[in-house]
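# Per-entry structural report
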Amino acid sequence: MELIYEEAGKKFYRDGEKLVKSFDASYSKSDILNEALNQARVEETSLNIPKILAVTVVDGRWAIVRELIEGETLESLMKKHPEKEDEYLNFFVDLQIRMSKERVPLLGHLRDKMHMKISSSAYPATVRYDLHMRLDGLPRHNKLCHGDFQPSNIIITADGTPYIVDWSHATQGNGSADAARTYLIFKLQGKDALAEKYLNLFCSKTDTAIQYVQRILPIVAASQSVKGKPEEKEFLDKWVNVCDWQ
């Protein structure tokens, strides 16, 4: 096997026409099995999803084996061709809207996951209560939500086919909450102008009020804070504290 790249807690290998994603001991067996199950369930939609081929152990580490998709990430293409940013962003939003039209009834619910993360956050009880109430006030939807929808998780093949990867956070729920997370991801990456352009485009294409997505942002920021990244804390605290005190 050939090591392609690695990131915190994970290594990615090429094994012929297969991609092997191995996890270190910081990942529980249940989390790894759940990621594979999520992706297997999403495979049953009309979206282009790399197929799970096996869950196994490689050199003492749990690993997920899936189809290797040859191509470039949308993030890479956007960096190479900044003059095409609007074209790529339109493509990105259209794919997200297409994804949200899919239904995967066996996936967990985004609302339940968000409630759990708010409860696990370090914010005071008064703030957590407000966030829980805000979350309960959102319309109940059952749209497919990726949970980490960003250009780096979209691989474009040579013939222009987009494959969506990394379904470890997949749920069903409110599509605007998934959009709020994408917006927050861009902001955390320091891509402020792109974040604003993205949000305006998403809201325009889906006929969604920007204020509606903005009301979801404190919930998403609180859930992100559970990851405990010190470099994100100040930024996320500002978003969480935007909550209306009523």
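How each quantity is defined
- Residues numbered from 1 in each chain as written.
- Predicted model: local features only at pLDDT ≥ 70, side-chain atom pairs only at ≥ 80, totals over all residues.
- Heavy atoms only, no water.
- Pairing = 2+ DSSP bridges.
- Helix = DSSP H or I, 4+ residues; strand = E, 2+ residues; numbered from the N terminus.
- Contact = heavy atoms within 4.5 Å.
- Axes fitted to C-alpha atoms, helices over the stretch in contact; angles between N-to-C directions.
- Salt bridge = Lys/Arg side-chain N within 4 Å of Asp/Glu carboxyl O.
- Buried < 20%, exposed > 50% of the residue type's maximum accessible area, 1.4 Å probe, protein only.
- Phe/Tyr/Trp six-rings, centres within 6.5 Å; stacked < 30°, edge-to-face > 60°.

### A short note on the sheet that holds strand S8 (residues 154-156)
A sheet is described by the order of its strands in space; here three strands give the open sequence S6-S8-S9, paired in antiparallel fashion. A strand with exactly one partner marks an edge of an open sheet, and here the two such strands are strand S6 (72-73) and strand S9 (162-164). Of the pairings in the sheet, the one linking S6 to S8 comprises two bridges and is antiparallel in character. Bridge pairing in S8 links glutamate 72 to isoleucine 156. The strands touched by helix H3 (residues 85-100) within the sheet are S8 and S9, with S9 carrying the most contacts at an inclination of about 55°.

### Regarding the pattern of salt bridges
Summed over all chains, the structure comprises 12 salt bridges. With a shortest N-O distance of 2.9 Å, lysine 197 and aspartate 86 are connected by a salt bridge. Here lysine 197, found in helix H7 (residues 192-206), pairs with aspartate 86, found in helix H3; they are 111 residues apart in sequence, far enough to count as distant. The partly exposed category is assigned to lysine 197, whose relative accessible area is 33%.

### Remarks on the packing of aromatic side chains
The full count for this structure, using the stated rule, is nine aromatic pairs. Where phenylalanine 23 meets tyrosine 27, the ring centres are 5.1 Å apart and the plane angle is 65°; that geometry is what we call edge-to-face. With relative accessibility at 2%, the residue phenylalanine 23 sits in the buried group. Judged by its relative accessible area of 27%, tyrosine 27 falls in the partly exposed class. Here the aromatic rings of phenylalanine 92 and phenylalanine 186 are separated by 6.1 Å at their centres, their planes lie at 55°, and the arrangement is tilted.

### Remarks on the pairing of strand S5 (residues 61-67)
Pairing analysis gives five bridges linking strand S3 (residues 18-23) to S5, with the strands arranged antiparallel. Residue pairing for S5: lysine 21 is matched across the bridge by isoleucine 64. Of the strand pairs in this sheet, strand S4 (residues 52-58) and S5 are connected by six bridges, and their pairing is antiparallel. What sits directly across from alanine 54, in S5, is valine 65. In this antiparallel pair of consecutive strands, S4 and S5, the connection spans two residues, and aspartate 59 shows a positive phi of 50°.

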